[in-house]
Amino acid sequence: MSISKEYLIQAQDELEKLRSANRRTEYLRHAEIIEKIPEYAKLEEKLSATMANVVALVASKSSGCEEKIKAVSEENISIQNRMEQLLVENGYDKNYLGEIYSCEKCRDKGIIDGNWCGCLKKIAHRLAADDLNKRSPLKLCSFETFDLSLYSDVAKGESSPRDEMEQNFNICVNFADNFKGNEKGLLMTGGTGLGKTHLSLSVAKRIIQKDFSVVYCSVPELLRAINNEQFGRSDGNTMSVISSCDLLVLDDLGAENPTERDVSLLYEIINGRLCRSLPMIINTNLSAEKLNLRYSERLFSRLFSLEVLFFKGDDNRLKY
Ligand SMILES: [Zn+2]
């Protein structure tokens, strides 16, 4: 799915800032070495003098200059070796003063063989996701503030709501920690106020920290945005962004009053991501039976191809 040019241009600006930051780091590293290792500074001066010698010899084309060039070149190599050795002796990597690139593939140019490099596309996807997330009034949550003690530890049947919630919690932490961007995803189902949104936003936060692009949106809002764009009532490329981000979090599936067109759109989004092995987290207050009644058979089967987490218990929002 293509990303709009506007984000690619913004991404080039970001890449430019990265390039400047890398040049600055190179400069500071050099200044640090010159100050710490005086011998290094002297060798550097000597090297530039011998380089000038080589250039002068080549230009003179005098007799026997090949021999002289060979001798000076050998001297250069031995100076360079000694400079590397000095760095290592002082506890630095021998490449400490080499050029720094944030992306070795394109050397921070953003283009390889006339095509956009993956690093540039990644920045563009993140910028697009950030823009879409601005519409969401929710702040990212964290696993650290998820309070398992809010769930009853009184067993109903074989386990208590707290045991079950602990399992859900661990599945979400694992999902976030091992996220590679090619897993299917999670379907969280259960009543309101049981922590589905908190856990999915905690996953989102951790994955964003790993530099993946994440889009979070509620299903009613998402459908409204796409419909408005497709009918020319507003600008945007929501469909493209949610189809290409690394993780899509769809909150509140079932809160919308779906038309047939909405159901088709949802199928297109969900099936499209599954076909391209792009993960999702989908939250719904509806039970499996109600989901089955509301949506098409094929959408229902796609939803339940995700790993299903059941949220049980009482509404925790009442306890705050
Ligand atoms: Zn690159």
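Structure first, text after, so check above.
Residues numbered from 1 in each chain as written. Predicted model: local features only at pLDDT ≥ 70, side-chain atom pairs only at ≥ 80, totals over all residues.

**Q** Talk me through the sheet that holds strand 6 (residues 280-284); I want residue IDs and the actual numbers.
**A** Two modes of strand pairing occur in sheets, parallel and antiparallel, and in both the strands are linked by backbone hydrogen bonds. Sheet architecture is open: five strands sit in the order 4-5-6-3-7, paired in parallel fashion. Only two strands of the sheet have a single neighbouring strand rather than two, namely strand 4 (214-218) and strand 7 (307-311). Recorded for the sheet is a direction-independent mean angle of 15 degrees between the axes of neighbouring strands. Where helix 6 (residues 196-209) meets the sheet, it contacts strand 3 (185-190), strand 4, strand 5 (247-253), strand 6 and strand 7, and its direction lies at approximately 165 degrees from that of strand 5. (Pairing = 2+ DSSP bridges. Helix = DSSP H or I, 4+ residues; strand = E, 2+ residues; numbered from the N terminus. Axes fitted to C-alpha atoms, helices over the stretch in contact; angles between N-to-C directions. Contact = placed C-beta atoms within 7 Å.)

**Q** Which residues make up unusual backbone geometry, and what values go with them?
**A** Even without being glycine, Asp252 reaches a positive phi, approximately 65 degrees. Inspection of the secondary structure assignment puts Asp252 in strand 5. Given 20 C-beta atoms within a 10 Å radius, Asp252 is considered buried. A positive phi angle is found at Ser277, which is not glycine, with a value near 55 degrees. Here Ser277 shows up in the loop between helix 9 (260-275) and strand 6. (Buried ≥ 20, exposed ≤ 12 C-beta atoms within 10 Å, placed from the backbone.)

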